[in-house]
Amino acid sequence: MTRRLAQVAKKVGVSEATVSRVLNGKPGVAEPTRQAVLTALDVLGYERPTQLRGERARLVGLVLPELQNPIFPAFADVVGAALAQQGLTPVLCTQTAGGVSEADYIELLLQHRVSGVVFAGGLYAQADAPHDHYRLLADRNLPVVLINAAIDDLAFPRVSCDDAVAVEQAWRHLISLGHERIGLLLGPSDHVPSRRKLAAARAVAETGGGTLPEEYVGRAMYTLEGGQSAAARLWERGVTGIVCANDPMALGAVRAARRLNLSVPGDVSVIGYDDSAFMNCTEPPLTTVRQPIEAMGRAAVELLVAQVGGKTVAPDELLYEPELVVRSTTGPARR
């Protein structure tokens, strides 16, 4: 007990006597200090005293699909900082191939009595994926916020980048450069953001009096290698410009063009999506559509904190407008 008191006191920056008063339910401790002590107990792995176990910890799960794509560490940085400003401690949960699943992480977070969960890029965006763990969170009335598009029947608030606007910006940029054979590189067919991007591309193509042929639509995993493989087929079909669903896929499309002895942007053009870290340092620097990560991450935390505070938050979707960032992977269509 003495060792536990000392560790918690050091973590919070208070006296052992203050920690003891909190653990014994004694009055005379400011509420922020009491919450900080309870959070420190959770972080250090100590069980709360029996009389305090009914309270949720000041921990928030931050569930990400991976850290290889720079967009997810960027979201983690913004969301983590915003949570800390609210006195909440983020618990980062990152899935790995063959490792801990999203559902396993949810079970673990529930055991630690977290105050809520923020998801970014999870299984909620895939129509054919398992969703029972989301319904479990809903049944527990646990505050949840989803970042970016989800399937329709999950009644959680969402903060999304407007996929339709993103594709329209990218498509019209290529049209303005004289491109007529424009391809689209997407994720799996059950992925909601990909579905939105496809619908938007078809709409903008029709607005210009044309169509989007099915052979101009490629699908792949959201990786450089996946983008390279799918883009190679599009280049071989005569596409002169490709709009990609994320930046790693776009870098793969650039690599595929070079393997076919096509110059970027001399022969073909590539547009990414996200404007993740270092895209201005690639060769050539990548033209891409920027997600407003800072605004979206902070909005997600505001929605979560409102729920934690007992406020009712409508399960609506807040759409944030992206920004086309023109660099050097797009140029006039070769005649």
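Before any of the text, the structure's been laid out above.
Residues numbered from 1 in each chain as written. Predicted model: local features only at pLDDT ≥ 70, side-chain atom pairs only at ≥ 80, totals over all residues. Heavy atoms only, no water.

**Section: the overall build of the chain**
Secondary structure assignment for the chain yields eleven helices and twelve strands. Judged by the C-alpha coordinates and their principal axes, the chain covers about 80 × 35 × 35 Å. Going through the 335 residues of the chain one by one, you find that 50% of them count as buried. Long-range contacts, defined here as pairs at least 24 residues apart, represent 71% of the contacts in the chain between residues at least 6 apart. When the accessible surface of the chain is split by element, carbon and sulfur atoms take 51% of a total near 15,300 Å². (Helix = DSSP H or I, 4+ residues; strand = E, 2+ residues; numbered from the N terminus. Buried < 20%, exposed > 50% of the residue type's maximum accessible area, 1.4 Å probe, protein only. Contact = heavy atoms within 4.5 Å. Areas by Shrake-Rupley, 256 points an atom, 1.4 Å probe, with all protein chains shown as cover.)

**Section: the environment of serine 189**
Here serine 189 is to be found in the loop between β6 (182-186) and α8 (192-207). Expressed as a C-alpha distance, the spacing of serine 189 and aspartate 163, which sit 26 residues apart in the sequence, is 15 Å. Setting aside anything within four residues of it in sequence, one finds serine 189 in contact with Arg195 and Arg219.

**Concerning helix α11 (residues 293-308)**
Its 16 residues give α11 an end-to-end C-alpha distance of 22 Å, which sits within 8% of 22 Å, the value for a rise of 1.5 Å per residue. Looking at α11, one finds that the buried residues are Ile293, Met296, Gly297, Ala299, Ala300, Val301, Leu303, Leu304, Ala306 and Gln307. Looking at the buried side of α11, the elements it contacts are β1 (59-64), α4 (71-85), β3 (116-120), β4 (144-147), β5 (158-161) and β11 (317-320). At the exit of α11 stands glycine 310, carrying a positive phi of roughly 95 degrees. (Expected span 1.5 Å × (residues − 1).)

**What about the sheet that holds β6?**
An order of β7-β6-β8-β9-β10-β12 is seen for the six strands of this open sheet, with the pairing classed as mixed. In this open sheet, the two strands that pair with only one neighbour each are β7 (217-219) and β12 (323-325). Shown here is a sheet whose adjacent strand axes are inclined to one another by a mean of 20 degrees, direction ignored. With three bridges joining them, strand β8 (residues 241-244) and strand β9 (residues 269-274) adopt parallel strand pairing. Bridge pairing in β9 links valine 243 to isoleucine 271. Of the strands in this sheet, β6, β8, β9, β10 (287-290) and β12 are in contact with helix α7 (residues 163-176), which crosses β9 at around 160 degrees. (Pairing = 2+ DSSP bridges. Axes fitted to C-alpha atoms, helices over the stretch in contact; angles between N-to-C directions.)

**Let's talk about α7**
Between its first and last C-alpha atoms α7 spans 20 Å; for 14 residues at 1.5 Å apiece the expected length is 20 Å, and the two agree. Where α7 begins, one side-chain oxygen reaches toward the backbone nitrogen of alanine 164, 3.1 Å away; that side chain belongs to aspartate 162. In the segment just after α7, glycine 178 is the residue with positive phi, at about 95 degrees. (Polar contact = N/O pair within 3.5 Å; in protein donor to acceptor, adjacent residues only side chain to side chain.)

**Some remarks on the pattern of salt bridges**
Scanning all chains against the criterion turns up 13 salt bridges. One salt bridge in this structure joins glutamate 317 and arginine 158, with 4.0 Å as the shortest N-O distance. Of this pair, glutamate 317 sits in strand β11 while arginine 158 sits in strand β5, and the two are 159 residues apart along the sequence. Among the residues examined, glutamate 317 registers a relative accessible area of 22% and is labelled partly exposed. Glutamate 323 is paired through a salt bridge with arginine 290; the nearest N and O atoms lie 3.4 Å apart. Here the residue glutamate 323 occupies a position in strand β12, and arginine 290 occupies one in strand β10, the gap between them amounting to 33 residues. One network of salt bridges, with partners in common, ties together Asp275, Arg290, Glu323 and Arg327. (Salt bridge = Lys/Arg side-chain N within 4 Å of Asp/Glu carboxyl O.)

**Description of the sheet that holds β11**
Two strands in a sheet stick together by hydrogen bonds in their backbones, pointing the same way (parallel) or opposite ways (antiparallel). The strand order β2-β1-β3-β4-β5-β11 describes an open sheet built from six strands, whose pairing is parallel. Looking along the sheet, the strands with just one partner apiece sit at the ends: β2 (89-94) and β11. Neighbouring strand axes in the sheet, compared pairwise and without regard to direction, differ in orientation by 20 degrees on average. Pairing of β5 with β11 involves four bridges; the strand directions are parallel.

**A few points about the pairing of β8**
The alternating pattern of β8 places Gly241 and Val243 on one face and Ile242 and Cys244 on the opposite face, and all of these are buried. Note: β6 against β8, four bridges, orientation parallel. Bridging across to β8, glycine 183 finds its partner in isoleucine 242. In terms of handedness, the path from β8 via helix α10 (residues 247-259) over to β9 forms a crossover that is right-handed. (Right-handed = clockwise from strand over helix to strand, strands pointing away.)

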